[in-house]
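Observations on chain architecture
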Amino acid sequence: MCGIAGFLGNGNRDDLQRMTDHLTHRGPDGAGYHVEADVPVFLGHRRLAIVDLATGDQPMWNETGDVGVIYNGEIYNHVELRRMLENLGHRFQTVGSDTEVLVHGWEEWGADLPRRLNGMFAFAIWDRRKAQLFLARDRFGEKPLYYAAKGSSFAFASELIALTKHTSVSTTIDMGALAKFFAYGYIPSPHALFKGCRKLPGGHCMTVSLSTMSVEERAYYKFVLSPDDSLEETNEDALVDELQALLSASAKRRLMSDVPVGVFLSGGIDSSLVLGSLSNGHAGDPFQTFTIGFTEKSFDESRYAKTVATHFASDHNERVLDLGNATDLTPEVLGRMDEPLGDASILPTSLLCGFAREHVTVALSGDGGDELFAGYDPFVALKLAKLYGELIPSWGHRRLRDLVGLLPKSNANMSLDFKLRRTLMGISYPEKMRLPVWMSPLEPTEVSDLLNMQVRAEDVYEDAISLWETSQSTKPVDKALEFFTRFYLQDDILTKSDRAAMMHSLETRAIFLDNEIAEFCQRLPTRFKLKGTQRKYLLKQVAKRMLPTEIVDRKKKGFGIPLQKWMRELHDVGNINIPNLNNDFATNAHAAHQSGSADYRYFLWCWLSLQYVATKNDFN
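Cut-offs applied
Residues numbered from 1 in each chain as written. Predicted model: local features only at pLDDT ≥ 70, side-chain atom pairs only at ≥ 80, totals over all residues. Heavy atoms only, no water. Pairing = 2+ DSSP bridges. Helix = DSSP H or I, 4+ residues; strand = E, 2+ residues; numbered from the N terminus. Axes fitted to C-alpha atoms, helices over the stretch in contact; angles between N-to-C directions. Parallel < 35°, antiparallel > 145°, perpendicular 65-115°, else oblique. Left-handed = near helix turned anticlockwise from the far one by under 90°. Contact = heavy atoms within 4.5 Å. Salt bridge = Lys/Arg side-chain N within 4 Å of Asp/Glu carboxyl O. Buried < 20%, exposed > 50% of the residue type's maximum accessible area, 1.4 Å probe, protein only.

**Things to note about the sheet that holds strand β10 (residues 197-199)**
With respect to topology, six strands assemble into an open sheet ordered β2-β3-β1-β9-β8-β10, the strand pairing being antiparallel. Two strands bound the open sheet, and with one partner strand each, they are β2 (30-36) and β10. Between one strand axis and the next, the sheet turns by 10 degrees as a mean value, whatever way the strands run. Where strand β1 (residues 2-9) meets strand β3 (residues 41-47), seven bridges bridge the pair, whose relative direction is antiparallel. Each bridged residue has a counterpart across the sheet, and for Cys-2 the counterpart in β3 is Arg-47.

Written out as structure tokens, the structure reads:
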């Protein structure tokens, strides 16, 4: 895992140094630079050494010095690609570097290169002959890439704050992006917090011409469902066999490393299948597994993780924390984010990553399982919402929502009162908006009050609406799968995992996001993902073969913290110095939350996240 930064056009070596230095936590093992001030081209790289420790320094060039790359990530099929390129006449200078495959792959396939890669990556290739910069991001957006194009300069970096270290990049808040943050709980790609800055979406690449500074962006991949109807008649055991084989192959690809590798283990199905897929037929030393347990019973899953670890005889490592004392870590964790994030599980995720980093440099995770196999409550709620709308008139819905709002607010993880309030809030909106609304920190009218500007639901949720309306799928569940995979997975789950891991210079790898598994899910009919109200149906059939029964049958919990309680105990929400921001709204929301008359847990966490990022980086 690494950090990359660079620019074409205006700027100097000092700009590059500041940008690259800000990424030291992503690559503590070394730095590399390439400067052609007369061209002008500036490339910077911070390295976390994982593969090819001796000869993997970057920028890395071809044998003639015409094509160079800086790169963050891992290419899991690099051995096959290297063999193919060597057969085509390319000569490699390193023995096992996946980075060099990008250099020769660009020479051979040009802009078609990303489509051939199975991995997680964000890279920039400078081609002297064409006077072009080519950038690409992996299919699902596991690795981040920000950019800013302004007049005679084009700058890019692995993190937003690193990008702003270039003198041409503004730190003025984009109020439209801020509205989306409080409506989604994250900022969906391609939007970014600052004016003029963008996130290159997952599955996209772009070419920048030095002579004209023109930018051409295109999608090389989109997760689009195209169910194969013939699979409806396929023997279910055959599909279970295929999925189990794919999981095993993906897990073993992700063992590619010259440093120690471990496994995150929550005790849920996804992470347990990661360990099971690795352990099947493994004859070497036990895999190291890592679990964070909590003293608060409704949030603790450590006993399930221990059951799985015992089942597969892993070298299990567990640390039990008192979440009541973990609030002290909030400023440190949130202050190290480059963009605010409304997902409070960033805190336990960061703790888990820090714990794992004491033992290993790489950890495998179960990220992506819920999105690809319909593992979240909203997949079931979509069906119930349709039935509810047919039975309950609008006046009845309003009255019921008011009554549910009066229920006492429980501090327990995913309590019934919380689920009811969230479900009824989402049903208040058209179907095409319900998915983001169900998880939103604020409703659009509240965002309007907070930002002192008119915010229309149709505008703030335009990204989700566009995906819903343009989807080739006709089934709401399939549309939901595409939403969760293309937005929530990329800009919440994977962002959280990347930032939490990089705080501790740890590399994480998601086995469910393998190309072959994603393609399997794209052609898999919906009923094998959501069967009645049973979520992740086919994946659970694999789990029944591999995991203890109590793990397969247990209720989904999620990796959470007692946010409701924490936000009640918060003494003061403070002020944020952003023009037009209504600080009184936050104060009033906090008071309502403390009194129990309203539940603003998600908003208050978002407020803190924005506050700590703003304070540390002094933007406005």
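**Examining the pairing of strand β8 (residues 146-150)**
Remember that side chains alternate between the two faces of the sheet whenever the strand is regular. In this sheet, strand β9 (residues 153-157) lies alongside β8 in antiparallel orientation, the contact comprising five bridges. In the strand pairing of β9, Tyr-146 is matched with Ala-157. In terms of strand pairing, β8 meets β10 through three bridges, oriented antiparallel. Each residue of the ladder has a partner; that of Ala-148, found in β10, is Cys-197.

**Concerning the packing of helix α24 (residues 583-595) against helix α25 (residues 601-617)**
Interhelical geometry of α24 versus α25 gives an angle of 135 degrees and a closest axis separation of 10 Å. By the angle between their directions, the pair α24 and α25 is classed as oblique. For the pair α24 and α25, the sense of crossing is left-handed. Counted together, Asn-583, Phe-585, Ala-586, Ala-589, His-590 and His-593 of α24 and Arg-601, Phe-603, Leu-604 and Trp-607 of α25 form the full contact between these two elements.

**Observations concerning the pattern of salt bridges**
Evaluated as defined, the whole model comprises 35 salt bridges. Taking the shortest distance from any N to any O, the salt bridge between Arg-509 and Glu-74 comes out at 3.6 Å. One end of the pair, Arg-509, is in strand β17 (residues 507-510); the other, Glu-74, is in strand β5 (residues 67-75), with 435 residues separating them in the sequence. Since its relative accessible area comes to 0%, Arg-509 is described here as buried. Taking the relative accessible area as the measure of exposure, Glu-74 reaches 2% and is therefore buried.

**Re the sheet that holds strand β16 (residues 362-365)**
Strand order in the open sheet formed by five strands is β15-β14-β13-β16-β17, with parallel pairing between adjacent strands. Looking at which strands have only one partner, the edges of the open sheet turn out to be β15 (315-321) and β17. On average, adjacent strands in this sheet sit at an angle of 30 degrees to one another, irrespective of strand direction. Both strand β13 (residues 261-264) and β16 contribute to a ladder of three bridges, which runs parallel. Looking across to β16, one finds that Val-263 is bridged to Leu-364. Here helix α10 (residues 346-357) sits on the sheet in contact with β13, β14 (288-294) and β15, set at roughly 140 degrees to β14.

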